[in-house]
Each structure stands twice: as structure tokens, then as C-alpha cells.
Amino acid sequence: MRHYPMKLKPHISETIWGGTRLAEEYGVALAGHANCAEAWVLSAHHGGGSVVLNGAYAGQGLAEVWKKNPAWFSQTGEAAAFPILIKLIDAMDDLSVQVHPRDGDAVLKEGEAGKTECWYILDARPGAKLLLGFQERITREAFARAVRENTLTSLVREIEVKAGDFFFIPAGTLHAIGRGVLLAEVQQSSDTTYRVYDYGRLQGGKPRALHIEQALAVTELGPYNAQSETRNAQLLEGGARERTLVKCPLFTVREWELREAAFGIAGPESFVSLLVLEGAGTLSSCGEALPVKKGDSLLIPAGSGKYALEGKIRLLLTTI
């Protein structure tokens, strides 16, 4: 079957800390949910997959399309699992203090992957913060004692954030998203999370599960020191501005800002994910033209060749 650019419907995740801004500002349909904490805008994960909205595969899950057409996603080698997951996250309240394991950590169950991620801040209320790593290097015993005595938040580093900030967060980094932060996340395709502290909140009358032993086993005990490879912006053909936010072995994430047009190539090594953050316009690829707007997630198959975007648009472009 001839490949084509796909527009994706996100999987919705409702939680105790989620809000409704993704519905109000990004057009995410709540579909009976009280809130939309997370919209998994590009996902083939078994915990919640994106669904194709257009073309021959309309109504089918991205995971199903990937299994039928692995070369649409990369033509340079077979993967045992879909490599990345992209989300929009609305933190109406503080997320738990948590950590994700690395690939190969002994605590991982069979079939689970680690989770390195990165965050692009879309909006932040005045004073909104992230927690990232510790203020100074501590021992594992001090970490365990702080967890037992509920003093952990006094040891972590708080970073006040604003729209446009970007953070690369390797697996093993203790972290939390604070209330009032709206962000886009690109991560390994994993939902393995070890909660360490949850502010004493109750869900259904009971505290949410914590994963202390697993967290003690995988957490990096020093300060956050994972600056991304963010590069100065450069101009593309058509006058668009490109900023490379991170380039690592797992994924490359770029920010594009279009005034009128931008042009790219979907090579054989990777599909191209486009997540529209602002504006509206048109994507032309594989002989098709699709209207795009704020909140849209699109996937251009690997090997599709040249594509064009027209309009006044800001977006995240992700490849593997």
C-alpha cells in the first residue's frame, strides 16, 4: 500500500492532577473524561495508542499500522518495539516526585523499557516550577531516610520555568512537574514510573502506590546536570527558523517556526513526527495536502521524501 501522511487522534489519560487546558486550548476531545492530564499524541504503547484519522488506515491504531508496515517507520533496521511516545501534559496540580529506570536496570520487569525523556514548556503560570535532581550529591542512605521522614522535597532542586524552556531528562533523574505547567514531552515508549513521594494525596480514599525500593535502586543521587544540545536557531529554506533542542541516540527534537513556509525530507532512516504548537496551515507530502492546526499530531512515513509546510506555524519535529 502506498504510504501517506497520517493525522493522529491521541489517547487520553485522566488523573487526579490533570486539568482541562488541552481540551480548551489544543482541541483535544475529552471523550467522557473529567480531565485530560495527558494526551498521547503519538503512541503505539500497549497502555494507550494513537489512532489514525485519515486515509486507508483511518480508525486503526498506530501500533497496528506499524506492525503491518514497519518500513514506514524506519527502513534501516527492525525494532522490537515502537521507539518513542509523544505527549501533551497539563499539570493542574503537582505530579508525584518520581523516577524512571534506564534500559537494562535490574528492577525492570521482562519486556519493560527504560524512560529517558525531554520537556518543552508550552506555558507556565507565574511561579510554576519543576523538581529536577538533588541540590547536592547525597548518599543512598540519606535518600532513604528523607523518604521515610517525608523530607525529600527539602533536598531536591526547584527550577522556575517559562514558556519556551527545554529540559533533557535522562532516565534515573528524580523529577516532578509542578502545578501550572503545560508541556510537550518526547520520551522512550515506556510507562514505567516509580513514585517516591505523592504529597499524602488520596485516590478513592487510599494513598496512591509508591515504589520506594525500585526508586532507591535506580535514582541518580547527584544534582541535575543534563543540559541538552540546544543550538542557536538557523534559517531554513522558505525563511523558517529551526532550533535543535536535543540530539541523542534515542531521538532528535527540533523546534520550527514558520512565517510562510518550510521544507524538509523524510529519509529512509526515520519517520517524521510533527506536533503543531501554534498556528495553522497546510502539510504537503506524498502527493497529498492536509490542513493542520494547533494541537494536531502528524506522522510522515520514512522514505516519503520531500514535504512542505505552509502557514504561520510553530511546531515540534521529532525523528529517531
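Residues numbered from 1 in each chain as written. Predicted model: local features only at pLDDT ≥ 70, side-chain atom pairs only at ≥ 80, totals over all residues. Heavy atoms only, no water.

1. Description of the overall build of the protein chain
Quick note on the threshold: Helical segments are the DSSP runs of H or I of at least four residues, strand segments are the runs of E of at least two, and each set is numbered from the N terminus. For the radius of gyration, the atom set is restricted to C-alpha positions; the globular benchmark scales as 2.2 Å times the number of residues to the power 0.38. Think of it in three bands: residues with accessible area under 20% of the maximum for their type are buried, residues over 50% are exposed, and the middle band is partly exposed, with areas taken using a 1.4 Å probe on protein chains only. Note on contacts: a residue pair is in contact if any heavy atoms of the two residues lie within 4.5 Å. Here, Shrake-Rupley sampling with a 1.4 Å probe gives the accessible areas, and only protein chains in the shown set may cover a residue. None of His or the chain ends enter the tally, which takes Lys and Arg as positive and Asp and Glu as negative. Charge positions are represented by NZ for Lys, CZ for Arg, CG for Asp and CD for Glu.
Counting secondary structure elements, the protein chain contains 4 helices and 25 strands. Computed over C-alpha atoms, the radius of gyration of the protein chain comes to 20 Å, within 12% of the 20 Å expected from 2.2 N^0.38 for 320 residues, which places it in the range of a compact globule. In terms of its C-alpha atoms, the protein chain occupies a principal-axis envelope of roughly 60 × 40 × 40 Å. The proportion of buried residues among the 320 residues of the protein chain is 55%. Here the contacts in the protein chain between residues at least 6 apart in sequence split such that 74% fall between residues at least 24 apart. Approximately 14100 Å² of the protein chain is accessible, and the part contributed by carbon and sulfur atoms is 49%. With 34 positive and 37 negative side-chain charges, the protein chain shows a separation of 1 Å between the mean positions of the two kinds.

2. Section: the side chain of H175
This is how the line gets drawn: Pairs of N or O atoms are called polar contacts if they sit within 3.5 Å, as long as, within protein, a hydrogen donor faces a hydrogen acceptor (for residues adjacent in sequence, only side-chain-to-side-chain pairs).
Note on placement: H175 falls in strand β13 (residues 175-177). At 3.1 Å, the side chain of H175 and the side chain of E117 are in polar contact. At 2.8 Å, the side chain of H175 forms a polar contact with the backbone oxygen of T173.

3. Digging into the environment of T192
As for its placement among the helices and strands, T192 is situated in the loop between β14 (181-188) and β15 (194-197). In this structure, the C-alpha to C-alpha distance between T192 and P10, residues 182 residues apart in sequence, is 19 Å. Discounting residues that sit within four places of it in the chain, T192 has contacts with H100, P101, L108, E112, A113 and K115.

4. Quick word on the nonpolar core
For the record, the criterion: Nonpolar cores were defined as sets of buried Ala, Val, Leu, Ile, Met, Phe, Trp, Tyr and Cys residues, with membership established by side-chain atoms within 4.5 Å.
If you look at the biggest cluster of nonpolar residues, it comprises 41 residues, and the most contacted ones within it are L42, F73, F82, L88 and F251. Apart from residues lying up to four places away in sequence, F82 is in contact with L42, A44, L62, W66, F73, S189 and F271.

5. As for the packing of aromatic side chains
Spelled out, the test is: Only the six-membered ring of Trp is used, alongside the rings of Phe and Tyr, when aromatic pairs are assigned; centres must lie within 6.5 Å, and planes under 30 degrees apart are stacked while those over 60 apart are edge-to-face, with the rest tilted.
Here the structure, examined in full by the defined rule, presents 10 aromatic pairs. Aromatic pair F134 and F143: ring centres 5.5 Å apart, planes at 75°, arrangement edge-to-face. The exposure class assigned to F143 is buried, which follows from its relative accessible area of 0%. With a centroid separation of 5.0 Å and 65° between ring planes, the pair formed by Y197 and Y199 is classed as edge-to-face. An aromatic cluster is built from W66, F73, F82 and F271, whose rings are joined through pairwise contacts.

6. Observations regarding the side chain of N54
On the secondary structure map, N54 appears in the loop between β6 (51-52) and α2 (62-68). For N54, a relative accessible area of 14% puts it in the buried group. A distance of 3.0 Å separates a polar atom in the side chain of N54 from the backbone oxygen of P5. Every residue in contact with N54, bar those within four places of it in the chain, is listed here: Y4, P5, M6, K7 and L290.

7. Some thoughts on unusual backbone geometry
We note that A31 has phi near 50°; this positive angle belongs to a residue other than glycine. In this fold, A31 is placed in the loop between α1 (21-26) and β3 (38-42). For A31, a relative accessible area of 64% corresponds to the exposed category. Positive phi is not limited to glycine here, since Y199 has a value of about 60°.

8. A short note on the sheet that holds strand β7 (residues 84-91)
For clarity, the cut-off: Pairing between strands is defined by DSSP: at least two bridges between the two strands are required. A fitted line through C-alpha atoms serves as each axis, taken over the contacting stretch for helices, and the angle formed by two N-to-C directions is quoted from 0 to 180°.
In space, the 6 strands of this open sheet follow the order β2-β3-β7-β14-β9-β12, with antiparallel pairing throughout. Unpaired on one side and paired on the other, β2 (11-13) and β12 (166-169) mark the two borders of the sheet. If you compare each strand with its neighbour and ignore which way they point, the axes differ by 20° on average. Sheet topology note: the strand β9 (residues 117-124)/β12 ladder contains 4 bridges and is antiparallel. Its bridge partner being in β12, W119 is matched across the sheet by F167.

9. A word on the pattern of salt bridges
Just so we agree on the cut-off: In the sections that follow, a salt bridge refers to a side-chain nitrogen of Lys or Arg positioned within 4 Å of a carboxyl oxygen of Asp or Glu.
Applying the stated criterion across every chain, the model contains 26 salt bridges. In this structure, the salt-bridge partner of E220 is R137, at a minimum N-O distance of 2.5 Å. Taken as a pair, E220 in the loop between α4 (212-218) and β18 (234-235) and R137 in the loop between β10 (129-134) and α3 (140-148) lie far apart in primary sequence, 83 residues in all. Judged by relative accessible area, E220 falls into the partly exposed class, the value being 33%. Classification of R137 as exposed rests on a relative accessible area of 55%. When the shortest N-O distance is used, the salt bridge between E255 and R243 registers 3.0 Å. Taken together, the positions of E255 in strand β20 (residues 252-257) and R243 in strand β19 (residues 241-247) put the pair 12 residues apart, joining distant regions of the chain.

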